[in-house]
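# Commentary on secondary and tertiary structure
Each chain is listed here by its residues.
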Amino acid sequence: MNLVLLGPPGAGKGTLAARLVEAFGFVHLSTGDILREEVKKGSELGKLAKGYMERGELVPDEVILGMVRERVDGETDGFLFDGFPRTIAQAEGLEEILPVHLVIYLELPEEEVVRRLSARRVCKNCGANYNLITQPPKAPGVCDRCGGELYQRPDDREDVIRNRFRVYLEQSAPLIDYYEGKGILRRVDASLSPDEVFHRVAEVLRG
Ligand code: AMP
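A few points on the structure. Computed from a prediction, not measured in an experiment: that's the story for all the values here.

About the criteria used
Residues numbered from 1 in each chain as written. Predicted model: local features only at pLDDT ≥ 70, side-chain atom pairs only at ≥ 80, totals over all residues. Heavy atoms only, no water. Disulfide = S-S within 2.5 Å. Buried < 20%, exposed > 50% of the residue type's maximum accessible area, 1.4 Å probe, protein only. Pairing = 2+ DSSP bridges. Helix = DSSP H or I, 4+ residues; strand = E, 2+ residues; numbered from the N terminus. Contact = heavy atoms within 4.5 Å. Near = heavy atom within 4 Å. Polar contact = N/O pair within 3.5 Å; in protein donor to acceptor, adjacent residues only side chain to side chain. Areas by Shrake-Rupley, 256 points an atom, 1.4 Å probe, with all protein chains shown as cover. Nonpolar A, V, L, I, M, F, W, Y, C, P; charged D, E, K, R; others polar.

With that out of the way, let us pick up the state of the cysteines. This structure, assessed with the given rule, holds zero disulfides. Cys123 forms no disulfide, and the closest cysteine sulfur to it belongs to Cys146, at a distance of 3.6 Å. The exposure class of Cys123 is buried, given its relative accessible area of 2%. Cys143 provides the cysteine sulfur closest to Cys126, a residue in no disulfide bond, and the two sulfurs are 3.8 Å apart. Among the residues examined, Cys126 registers a relative accessible area of 32% and is labelled partly exposed.

Given below as structure tokens:
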């Protein structure tokens, strides 16, 4: 089965994806994580993507589809897409690569998105995510897992968060109707605890 996680930034797609990978063995494909790696490496793709990401805008569809095609590499089953597709054009492009069987839509209102993302901190070393309100590290600024330094993503500043939410409403929210029309969308309330969200999604997956 191939699964798509849809929802605004900050809805908890990454956290949920990690748990689903552990429980169900999906291959996790997060276009945001891939792009951040490329920016870190300073590759051509990273240089191209950096400006879009810092402004909270979308990287062009063809670039994203090329990246996904390369990673899927002819396999057709077992993928969990996180943060992709983000436009109707990407969804149509994905259909030419492989079939999507289920879309989990994590619903979260704008004020909660801003509250969560402005409190998010990420480990520079291992990428672990923390939230100063709901999931703080044991020692301030230090990763519990590896001792790495925690930082705030440049796109997690309030002005950029609001722009990302606007971009989400304009370009990604149409995917809700798109997948609902195909009868494969399931809605989950993302304001619940990470455990509860995971259990609800696991129930859907177990059918
Ligand atoms: P994320 O970690 O999913 O919030 O992604 C961070 C940033 O990477 C986004 O704000 C976009 O600039 C870019 N990005 C990630 N995934 C996509 C995508 N599927 N299409 C276009 N841009 C993307």
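On the basis of which strands lie adjacent, the open sheet formed by three strands has the order β6-β5-β7 and antiparallel pairing. In this open sheet, the two edge strands, each paired with only one partner strand, are β6 (129-131) and β7 (150-151). Where strand β5 (residues 120-123) lies against β6, three bridges are found, and the strand directions are antiparallel. In the sheet register, Val122 faces β6, and the bridge partner there is Asn129.

To continue, consider the environment of Gly78. Topologically, Gly78 is positioned in the loop between α4 (61-72) and β3 (79-82). Separated by 77 residues in sequence, Gly78 and Met1 place their C-alpha atoms 5.2 Å apart. Not counting chain neighbours up to four residues away, the residues in contact with Gly78 comprise Met1, Asn2, Phe26 and Val27.

Neighbouring the ligand are 16 residues, the closest being Thr31, Arg36, Glu57, Gly83 and Gln90. The backbone of Glu57 places a nitrogen or oxygen atom 2.5 Å from an oxygen atom of the ligand. Between the ligand and Arg86 there is a distance of 3.0 Å, counted from a nitrogen atom to a side-chain nitrogen or oxygen. Its free accessible area being 480 Å², the ligand has 95% of it covered by the protein chains. Among the elements that make up the shell around the ligand, the one with the highest residue count is helix α2 (residues 31-41) (four residues). For the shell around the ligand, the class distribution of residues is six nonpolar, four polar and six charged.

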